[in-house]
Amino acid sequence: MSALLSVRDLVVNFETEDGVVHAVEGISYDVEAGKTLGIVGESGSGKTVGTLTIMGLTRANNTKISGQALFDGSDLLSASEQQMRAIRGDQISMIFQDPLSSLHPFFTIGAQLIEAIQAHRSVSKAAARDRAAELLTMVGLSDASDRLSQYPHEFSGGMRQRVMIAMALSNDPRLLIADEPTTALDVTVQAQILELIADLQRLSGTAMIIITHDLGVVAEVADQIAVMYAGRIVEQAPVAELFANPQHPYTRGLLASIPRLDRDRSSGLEPIAGRPPSLVAPPTGCAFHPRCARAFGRCSAELPPLEPAAPASAHLVACLLDPAARSRPA
Amino acid sequence: MSAADPLIEVRDLQMHFPLQRGIIFQRQYGAVRAVDGVSFSVGRGETFGLVGESGCGKSTTGRLLLRLLEPTGGQLFFEGEEITHLGRRQLAPLRRDAQMVFQDPYSSLNPRKTVGSIIAEPFVIHRLARSADERRNEVRDLMDRVGLNPEHYNRYPHQFSGGQRQRIGVARAIALKPKLLVADEPVSALDVSIQAQIINLLADLQRDLGLTLVFIAHDLSVVRHMCDRIAVMYLGKIVELAASEQCFAAPRHPYTGALLASVPVPDPSLRAIDRRPALTGDVPSPSAPPPGCRFHPRCGKAQALCASDEPQLKAQDNGSLAACHFPLNAAEAAAMLPRRSS
Amino acid sequence: MIRYILRRLLWVVFLLFAVSLITFIIFYLLPSADPAALRAGRQPSPSLVETIRQQLGLDQPWYVQYGRYMKNLIFHFDFGFSYQNGVPVRQLIFSRLPASISLAAGAAVLWLVVGISVGIIAAIRPRTKLDRASMGLALVGISAPVYWLGLVALYLFSADIGLFPILPGANSYVPLSEDPFAWFTSLIMPWFVLAISFAAFYSRLLRGNLTEVLSEDYIRTARAKGLSERRVVFRHGLRSAITPIVTIFGLDLGILLGGAILTETVFNIPGIGRLSYSSIVRSDLPVIQGTVLLGAFFIVFANLIVDIVYAYLDPRVRYE
C-alpha cells in the first residue's frame, strides 16, 4: 500500500552568522494513512524542523532544502507557496507545544476557529460558526456556543490545547502533525489530551505524526517510531519492537537514563555522558560517537547507514556495531 | 522516621494571596489559597518530595520553607526554632543554611556576571572567604565538584548549555554548605539525556554533604527515584503523605492513583489509556476550591459525605497517610499502576 | 469594560483638578514677577500697584484665590482675564485653538500614514536594502531638530525666500473658514516638518514591534492554518504590533494639541503654543493657567481615548 506521506532524503540547512546549521541531514520515512508515526528526539535533533519543512514553513532566504516529501503523489517541497497554503490547514494540519502562545491573544477563539474554516471552505459565517461549535463539542468542551466568544487567556492549558486540536481538525485533514502537544500540560490533562487525539484519529482515519522527547508518550499513541539524533534517524521500528529490542546505543541510553514507574526503583540512573552535539560543527562519522560507550575506530570516520537490523526486518538501525554486540550490556 | 529531630517542621501552613477589586479603593473580595493548611516534617539527611500538578501549591510551599514568602497562617520551624514571622535581618543566618535550586537555568543566572562571580556571590554576601584568592579557590572547588571545568571560571552563562547552567545553579546553592536544599523542578527544563546527569549530581552531593533535600516536581518518575518520602498535593492541601515506595506501589488517595494511572510509560503494553480512571475536567482554581474534599468533583469514588466533610490525613493500612473518606483498596490501586500483572 | 472606562473617567477628573492646583501653587509660590506691577504699566506708583493688587484679588491667601478661580472655571467657564491687556482668557485661547488643531491633526494623519507604511514594509523585508535605507533615513528624521527642518524647508520651498518657491512661506496661515485652499497650502510645509520626526520614530518603533510579533507562535499557527500572507501580517501581526503605537500616539497628539511651540514660531502660525510662550515670558498668570489647563486636558483626554482603544484591541487588559 503506498504511503500517504513519503519523505525521502530530506536535508535542511540554515545559513547563519555562526555558520551553516545542519538541522536535518537526510531523513526518510513513510506515514501510512490512518497510522501514527512517532518521532522521538531531544532539542537539536531536527525533529521539529523536519515537519515544519514538510509544511513549507521554513522557506526563507537563508534556508537550503533538498529531498522529497511526496504527499498523495505530489512533492510538497517543490510546490508553490500558493499550493502549500491550500494544503496547510486543509489536507495537513499542525498543532504546537504551547497552546497559550499559539493562539492569538486578541481574537476570540470563535473568530480563530471560523477563520480556519473559512480559509478553505466557502461557507457563510453563520455556517462556519455552527461548525466551530460542533468542533468544540467534539473535543470535549461544554457550552460550546458560549465558549466561542471567549478569549484564549480565559481558558486553562488543557482547554486551549483542545481548541488547537479543534482548529487543526476543522477541515478534516488527511494528516495531523502534533509537535510536543502535551509537553506543556499537567500529567492528568496530558492523559486526557492523548486519549482525545487517539479517539479523534480513529474516528476520522487521520494519519498522524507525533513529535516528542517523551518515550512514554510515543509508547502510548504511536504505531511506528523514528528516533532522531543530530538531524538523522538513528533507529526506526514498529512500536512494540522498538521497546522490546532497542538496538541503537542512543535509544538504549535514553531508556536506561530515565526513571521508570513500570520498573522497580533502581539504584542509579545511567545518564548518557556528554552533551548534545553542535549542529554547526557536528562530529565526523556517526554523530553519536563522542557519547557512545561502545564507539570504536570506524565510528569517527564512517557515517553508518540506516539499515535493517536483521534481513527483511522492519526494524532499521544506523550503527556500525555488530547486531549481536549492540544488545550486549556494555 | 523523622519524628525525633526534624530539620524542618511545618504546621497548618497557609499562604493566601489576596484578590482585589474596586474603582478607586481596592477591596479584597477573595484570595488565592495557594497553600491552605499543610503540615509535615522533614528529617535530617532525608529527601522529601513534593509532587502535584499546576496550582497545587508545591512551589509556593518550597518558597515558604525558605521564608522567601511570609506565611499568612500556620507555623514554620527550622531546627526547632520558629521562623514564621521573622524579619529580614533575623532571617539572614537562615540564608546560609537553606538554599534553593531553581527550575529555569536560562533565567536564574545573571547573564551579565561571569560564572565565577555568580558562584562566589554567596561568599561575598555572607562575608566569608575574605580574600579574592580564597574565593577563587572555593569557586574552583565547587565547579569541579558539580562537574564543570574550573578553567571556565571567567565565562558567561550564555556560553554554557542548559545542563551546565543548572550545574552552576547547584554550585551556587551549595557554596556555603547549607543544611537544606530545596530544588524546585530542577530538571524539568532540561533535555532527557541531561536530566539523569543532574539527578545523579544532586543525589551524590546529598550523600557527600549530608544535605537534606526537598525535591519539588511534577514528574512522578523522577520524584519516585529521588525521594524517601513524598507528599502529594492538590489545591493547596496534602492529600497523601507516604514513604516513596508505598506511595507508588500502593497509593491510597484516589488522586494519587489517578496521577499514577495517567503517566505514560515506555512500554506499549502498559498504556495509560487502558489504566486510567475517567478523570474529567481541569484542576479548579485555587481561589474557589470545592467544599468538603477538594477532589470530590473529579473523583470516581465520591459520595455525599465528600461534598460536605473535608477529610483529614489519616493513617492507612499500609502505613501511609491519606486524606480521604473512601481511600483506594489494594485491588483498585493495583489496577491503576503501570505494572505488568504477574 | 464599563467599569474600566468609569475608572478612567474618574481619574481624568482627579488629574485635571490636580494639575490646576499644582500650576496655581507653582505660580503663586514662585512668581517671576509681580503681576500687579506688570499690570500697572510703566513706573507705577506703589499705591496704584496696591489698588491693582486688590482689584485682582492678589492680596487674598492662595487657597481663596484658587477657590475663586475654580468656581469661575467650573460654573461660568470663565478663565479670568489677561493681566496684560484685560482680554478674557477664554477668548484668547479659543481664537487660537483652530490653528493648533489644524496643525496637529494634519501632521498626525501624515505621520501615521507614512510611519506605519514604512514600518510595515521594513518589517516584512527585514535586512534588505529597503529596510536598512528606510531605517537609516528614519534615524536622520528623528535626529533633526524640528526648527532646523522648518527653517530648511522655508529656505528651500518658501514662496518669498525659497530656492524653489512652490509653497506659501511663513506667516501665511489663513483659517479654514476663510479660504480652505489657502489654509491647506499654508499648512503643507508645517505639516511635513512636524510629521517627519514623528513618522521616523513611529516607523522604527513599528518595524521593531512587528518584526518581534512576526516571530511569535501564534503567527506560526496562522500560517499553518493556510492563511494568506497578507492576512497573517495585517490581521494577526499588525493588530498585535500596533498597540504600543496607539499608546504613544495618544500622548504625542495630546501634547501637540496643547501647542507645537517651535513649529508655530518658525512658520508664524497663531496657535496655542505661541500664546503660552508669550504669556510665560510676561508672567501673565491667567493666560498661563489657561494654556496649561488646556494642554493638560488634551493630554489626559487623549490618554483616556487611548486607554479605551487599547482595551478594545487587547482583551486581556479589560480585567484590571
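Residues numbered from 1 in each chain as written. Chains lettered and ligands numbered in written order. Predicted model: local features only at pLDDT ≥ 70, side-chain atom pairs only at ≥ 80, totals over all residues.

A count of helical and extended segments in chain A gives 12 helices and 12 strands. Taken over C-alpha atoms, the radius of gyration comes to 21 Å for chain A, in line with the 20 Å a tight globule of 330 residues would show. Taken over the C-alpha atoms alone, chain A extends approximately 65 × 50 × 45 Å along its principal axes. Counting over 330 residues, chain A shows a buried share of 52%. (Helix = DSSP H or I, 4+ residues; strand = E, 2+ residues; numbered from the N terminus. Rg over C-alpha atoms; globule rule 2.2 N^0.38 Å. Buried ≥ 20, exposed ≤ 12 C-beta atoms within 10 Å, placed from the backbone.)

Another point: the domain arrangement of chain C. We note that the domain assignment places domain 1 (24-89) and domain 2 (96-319) within chain C. On a C-alpha basis, the centres of domain 1 of chain C and domain 2 of chain C stand 37 Å from each other. (Domains from an automatic or database assignment.)

What follows deals with the interface of chain B and chain A. Interface size is often expressed as the accessible area that is lost when the parts come together. Counting residues at the interface gives 38 residues for chain B and 39 residues for chain A. Elements that contribute at least two residues to the side of chain B that touches chain A include exactly helix 6 (192-209), helix 7 (220-226), helix 8 (244-249), helix 9 (254-262) and helix 10 (272-275) of chain B. Along the lines of polarity and charge, the residues of the side of chain B that touches chain A split into 19 nonpolar, 10 polar and nine charged. (Contact = placed C-beta atoms within 7 Å. Nonpolar A, V, L, I, M, F, W, Y, C, P; charged D, E, K, R; others polar.)

Time to look at the nonpolar core. Counting residues in hydrophobic clusters, the biggest one holds 265 residues, and the most contacted among them are Ile119(B), Val214(B) and Phe215(B). Apart from residues lying up to four places away in sequence, Val214(B) is in contact with Val42(B), Phe48(B), Leu50(B), Gly62(B), Leu65(B), Leu180(B) and Val182(B). (Core = buried A, V, L, I, M, F, W, Y, C linked by C-beta atoms within 7 Å.)

Residues and elements named next belong to chain A. By the criterion of burial, strand 7 (residues 175-179) is predominantly enclosed, with five of the five residues buried. Pairing geometry for strand 7 and strand 8 (residues 207-212), over five bridges, is parallel. Residue Ala 178 lies in a different strand from strand 8, and its bridge partner there is Ile 210. In this fold, the crossover linking strand 7 to strand 8 by way of helix 8 (residues 187-204) has right-handed handedness. (Pairing = 2+ DSSP bridges. Right-handed = clockwise from strand over helix to strand, strands pointing away.)

Strand pairing in a sheet takes place through backbone hydrogen bonds and is either antiparallel or parallel in direction. All names here are of chain A. Spatial ordering of the open sheet is given by 2-1-4-5, a layout of four strands whose pairing is antiparallel. Among the strands making up the open sheet, the edge pair consists of strand 2 (19-31) and strand 5 (74-75). Alignment of strand 4 (residues 63-71) against strand 5, held across two bridges, turns out to be antiparallel. Each bridged residue has a counterpart across the sheet, and for Phe 71 the counterpart in strand 5 is Ser 74. Contacting strand 1 (5-16), strand 2 and strand 4, helix 1 (residues 47-54) crosses the sheet at an angle of about 110° to strand 1. (Axes fitted to C-alpha atoms, helices over the stretch in contact; angles between N-to-C directions.)

A separate point is unusual backbone geometry. Residues and elements named next belong to chain B. Here Asp 12, not a glycine, exhibits a phi torsion of approximately 50°, which is positive. Note on placement: Asp 12 falls in strand 1 (residues 6-21). Although it is not a glycine, Arg 67 adopts a positive phi angle of roughly 55°. Mapping Arg 67 onto the fold places it in the loop between helix 1 (58-65) and strand 4 (73-78). Using a count of 20 C-beta atoms within 10 Å as the deciding quantity, one classes Arg 67 as buried.

Turning to the environment of Arg271(B), a few remarks are in order. By the element assignment, Arg271(B) lies in the loop between helix 9 and helix 10. The sequence separation of Arg271(B) and Gly37(B) amounts to 234 residues, and the corresponding C-alpha distance is 35 Å.

Attention now goes to the domain arrangement of chain A. Residues and elements named next belong to chain A. Per the domain assignment, the segments of chain A are domain 1 (5-91 + 174-327) and domain 2 (107-172). Using C-alpha coordinates to define each centre, domain 1 is positioned 30 Å away from domain 2. Across the contact, 13 residues belong to domain 1 and 14 residues belong to domain 2. The element that contributes the greatest number of residues to the side of domain 1 that touches domain 2 is helix 8, accounting for seven residues. When the residues that make up the side of domain 1 that touches domain 2 are grouped by side-chain class, the tally is nine nonpolar, three polar and one charged.

Attention now moves to the environment of Pro264(B). Mapped onto the elements of the fold, Pro264(B) is located in the loop between helix 9 and helix 10. A C-alpha to C-alpha distance of 16 Å links Pro264(B) and Gly52(B), two positions 212 residues apart in sequence. When sequence neighbours within four positions are dropped, the list of residues in contact with Pro264(B) reads Asp214(A), Gly216(A), Val217(A), Ala219(A), Glu220(A) and Ala272(B).

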